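Single-letter residue listing:
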Amino acid sequence: TSRTTSLLSQLEKINLDTVLGETDNARYVTSKILHLVQSQEKTRKEMTSKGSNGIEVILSTLEVKPFFFCDYGYITSGGRRASLLVTKGGTQILLQLLLTASKDSPPNEELMVLLHTLLAKVGPKDKKIGMKARINGALNISLNLVKQNLQNHKLILPCLQVLRVYSTNSVNAVSLGKNGVVELMFKIIGPFTKKNTSLMKVALDTLAALLKSKTNARRAVDRGYVQVLLTIYVDWHRHDSRHRYMLIRKGVLQCIKSVTNIKLGRKAFIDANGMKILYNTSQECLAVRTLDPLVNTSSLIMRKCFPKNRLPLPTIKSAFRFQLPVIPASGPVAQLYNLPPDVDDVVDESDDNDDAETESEIETENDDDKDQHFKNDDIETDINKLKPRQELGRPIEELKMYERFFPELSENFQEYNLVSKEPKPFVPDASLSGPIVVPTAGEE
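Described below are features of the structure shown in this document. (Residues numbered from 1 in each chain as written. Predicted model: local features only at pLDDT ≥ 70, side-chain atom pairs only at ≥ 80, totals over all residues. Heavy atoms only, no water.)

## Some remarks on the overall build of the protein chain
Heads up, the rule is: A run of H or I in DSSP becomes a helix once it reaches four residues, and a run of E becomes a strand once it reaches two; helices and strands are each numbered from the N terminus. Residue burial is assigned from relative accessible area. The probe radius is 1.4 Å, only protein chains are included, and a residue is buried under 20% of its type maximum, exposed over 50%, and partly exposed in between.
Helices and strands together make up the secondary structure of the protein chain, namely 23 helices and 0 strands. Sorting the 444 residues of the protein chain into buried and exposed places 39% on the buried side.

## Regarding the packing of helix 6 (residues 90-101) against helix 8 (residues 129-136)
Each pair of packed helices can be summarised by the angle the axes make with each other and by the distance between the axes. Rules: Helix axes are fitted to C-alpha atoms over the stretch in contact, other axes to C-alpha atoms as well, and angles between N-to-C directions run from 0 to 180 degrees. Crossing handedness is defined as follows: a turn of the near helix away from the far one that is anticlockwise and smaller than a right angle gives a left-handed crossing, while the clockwise case is right-handed. We call two residues in contact whenever any of their non-hydrogen atoms come within 4.5 Å of each other. Note on residue categories: nonpolar means Ala, Val, Leu, Ile, Met, Phe, Trp, Tyr, Cys or Pro, charged means Asp, Glu, Lys or Arg, and polar means any other residue, Gly included.
Taken N-terminus to C-terminus, the directions of helix 6 and helix 8 make an angle of 35°; their axes are 10 Å apart at the nearest point. By crossing handedness, the relation of helix 6 to helix 8 is classed as right-handed. Where helix 6 abuts helix 8, its residues Thr91, Gln92, Leu95, Gln96 and Leu99 lie against Ile129, Lys132, Ala133 and Asn136. Per-class residue counts for the contact of helix 6 with helix 8 are 4 nonpolar, 4 polar and 1 charged.

## Thoughts on the nonpolar core
Inclusion rule: Residue types Ala, Val, Leu, Ile, Met, Phe, Trp, Tyr and Cys, when buried and joined through side-chain atoms within 4.5 Å, form a set referred to as a nonpolar core.
One finds Leu160, Tyr166, Met185, Ile189 and Leu207 to be the most contacted residues of the largest nonpolar core, which totals 84 residues. In terms of residue count, helix 7 (residues 109-122) provides more of this core than any other element does, 9 residues in total. Core analysis: the next-biggest nonpolar cluster, separate from the first, contains 9 residues, Leu11, Val29, Ile33 and Val57 among them.

## Brief notes about the environment of Pro293
Looking at the element boundaries, Pro293 is found in helix 19 (residues 292-305). Placed 47 residues apart in sequence, Pro293 and Met246 show a C-alpha to C-alpha distance of 8.8 Å. Residues in contact with Pro293, not counting those within four places in the same chain, are Met246 and Lys250.

## Regarding the pattern of salt bridges
This is how it is decided: A pairing counts as a salt bridge when a side-chain nitrogen of Lys or Arg comes within 4 Å of a carboxyl oxygen of Asp or Glu.
In this structure the tally under the stated criterion is 7 salt bridges. The salt bridge partner of Asp126 is Lys132, with a shortest N-O separation of 2.8 Å. According to the relative accessible area criterion, Asp126 is buried, its value standing at 7%. Look at Lys132 and you get partly exposed, because its relative accessible area is 24%. Asp205 is the partner of Arg164 in a salt bridge, and the nearest nitrogen-oxygen pair spans 3.4 Å. Here Arg164, found in helix 10 (residues 153-166), pairs with Asp205, found in helix 13 (residues 197-210); they are 41 residues apart in sequence, far enough to count as distant. Classification of Asp205 by relative accessible area gives partly exposed; the value is 23%. Each of Arg164, Lys201 and Asp205 takes part in one network of salt bridges that share partners.

## Notes on the environment of Gln10
In this structure, Gln10 sits in helix 1 (residues 3-16). By relative accessible area, Gln10 is classed as partly exposed at 36%. C-alpha of Gln10 to C-alpha of Asn25: the two residues are 15 residues apart in sequence and 9.4 Å apart in space.

## Side note on the packing of aromatic side chains
Heads up, the rule is: For this analysis, a ring pair means two rings from Phe, Tyr or Trp (six-membered ring only for Trp) whose centres lie within 6.5 Å, classed as stacked if their planes differ by under 30 degrees, edge-to-face if by over 60, and tilted for the remaining angles.
Scanning the model with the defined rule gives 4 aromatic pairs in all. A centroid spacing of 3.9 Å and a plane angle of 15° characterise the contact between Phe186 and Tyr225, whose relative ring orientation is stacked. Pair noted here: Phe186 is in helix 12 (residues 181-188) and Tyr225 is in helix 15 (residues 225-239), with a separation of 39 residues, a long-range link. Here Phe186 matches Tyr225 in class, with each residue buried. A ring pair is formed by Phe192 and Trp236, whose centres lie 4.9 Å apart and whose planes are at 70°; its orientation type is edge-to-face. Of this pair, Phe192 sits in the loop between helix 12 and helix 13 while Trp236 is found in helix 15, placing the two residues 44 residues apart along the sequence. Members of the aromatic cluster, each reached through a chain of ring pairs, are Phe192, Trp236 and Tyr245.

## Focus: helix 12
With 7 of 8 residues buried, helix 12 lies mostly within the body of the structure. Among the residues making up helix 12, those that are buried are Val181, Val182, Glu183, Leu184, Met185, Phe186 and Ile188. Considering only its buried residues, helix 12 is in contact with helix 9 (139-148), helix 10, helix 11 (170-178), helix 13, helix 14 (214-222) and helix 15.

## Examining the environment of Ile301
With respect to the secondary-structure elements, Ile301 resides in helix 19. For Ile301 and Met275, which are 26 residues apart along the polypeptide, the C-alpha to C-alpha distance reads 8.6 Å. Setting aside chain neighbours within four positions, we find Ile301 in contact with Leu253, Ile256, Lys257, Thr260, Phe269 and Leu278.

## What about helix 18 (residues 274-285)?
Stated formally: Given a helix with a known number of residues, its expected span is that number minus one, times 1.5 Å. As used here, the arc is the angular range of directions from the helix axis to the C-beta atoms.
Across its 12 residues, helix 18 extends 16 Å between first and last C-alpha, which sits within 8% of the 16 Å expected from 1.5 Å per residue. Of all the positions in helix 18, only Gly274, Ile277, Leu278, Thr281, Ser282 and Cys285 are classed as buried. Seen along its axis, helix 18 keeps its buried residues to an arc of 120°; they face one direction. Projecting away from the buried face of helix 18 at angles above 90 degrees are the exposed residues Lys276 and Glu284. Summarising the contacts, the buried residues of helix 18 are in contact with helix 15, helix 16 (246-259), helix 17 (263-271) and helix 19.

Keep in mind that these numbers describe shape and distance, not what the molecule does.
The following block contains the structure:
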């Protein structure tokens with residue numbers, strides 16, 4: 001009975017009418033709906049409430065008359081409404097509209113901005129959006145827009161937000177990496193600047209998601225981007241004296257953390273003097289409590305990349321030196337003690353079986369965003385192994401000769417008489433030297 005319901009009914013009838021003359025009437029009705037939704041919160045709630053067919057009518061209009069798309073930017077103004085749009089099949093319709101709009105030459109910029117803005121809001125609510133975009137053929141549309149409009153920050157910002165959503169799918173990350181998305185991200189991120197910080201933050205988040213793929217991480221290492229990331233981090237650390245851009249600094253660390261998940265990345269980090277850089281910057285951040293996330297992330301990276309050694313440590317890397325009593329002239333122990341101080345005696349074989357990673361990523365669908373936490377193999381969790389083993393230095397037979405000096409360890413002085421249930425009288429051991437006085441009855 002409300003005006004909104006009446007307008008939706010008119011729009012639904014127009015959708016069923018194929019007469020071209022209804023175009024002006026459809027534009028009038030959609031503009032009225034848009035005005036009501038933008039000006040009245042009550043109307044927005046009414047359209048997304050249970051039992052309302054408002055979303056269905058709008059989506060059907062987009063399918064039948066996609067040229068009215070610019071009138072529907074309000075439908076994802078809230079998280080619950082975005083979820084409702086996903087359940088109604090809105091993701092597929094938006095991707096299809098994106099594919100259709102990309103065929104225009106040149107594409108409508110306003111339409112592309114609005115489409116990507118909606119997809120960026122809807123994407124996190126749809127776990128299958130990565131697979132849908134790849135099957136639909138819309139995966140590289142956003143990437144090509146960024147390549148062609150690097151100076152148009154208004155357009156590439158929502159495009160990067162969509163790429164960030166796509167990159168949570170491992171198969172999409174590999175596919176985008178083959179098309180040069182990693183190199184493209186390094187054209188956007190750079191040294192400290194107060195301009196376009198929101199674009200910088202989104203680009204770093206997108207790059208961190210892409211580098212979780214070992215294929216993309218190896219590509220970044222081969223092009224020397226580990227050194228570039230460390231240089232960018234130091235530059236932002238020095239200039240951000242008021243700590244206003246902590247999220248950008250953390251974004252750079254997240255990229256370094258992702259790329260050091262592989263052996264080549266850890267080696268490149270060490271070669272680029274990354275340990276010293278992160279250690280010094282972390283020391284300067286300790287006094288500011290709000291920078292604890294930077295210190296924590298830096299600590300994880302340093303711990304992951306620090307060379308591992310066996311115990312006991314025979315080199316100068318350790319503050320303590322445990323010398324073996326006897327070192328054989330030859331064998332693995334002798335080789336270990338003859339190593340130079342700067343040699344890592346634990347071979348890192350974590351990536352030796354990753355040659356077929358691309359094929360396995362393509363075969364395995366993983367549409368959920370799962371964080372890849374680094375497993376600390378140097379931490380022992382077995383309690384039984386942590387307990388020290390107590391081994392006797394001499395045979396038990398030789399120790400029995402001292403038993404008479406410690407009778408409390410083997411004798412039971414409160415041994416009861418089984419008949420009277422009273423303690424037996426104390427009988428001193430005659431072998432003990434020295435006088436022994438036994439108190440008689442009545443004496444204290």
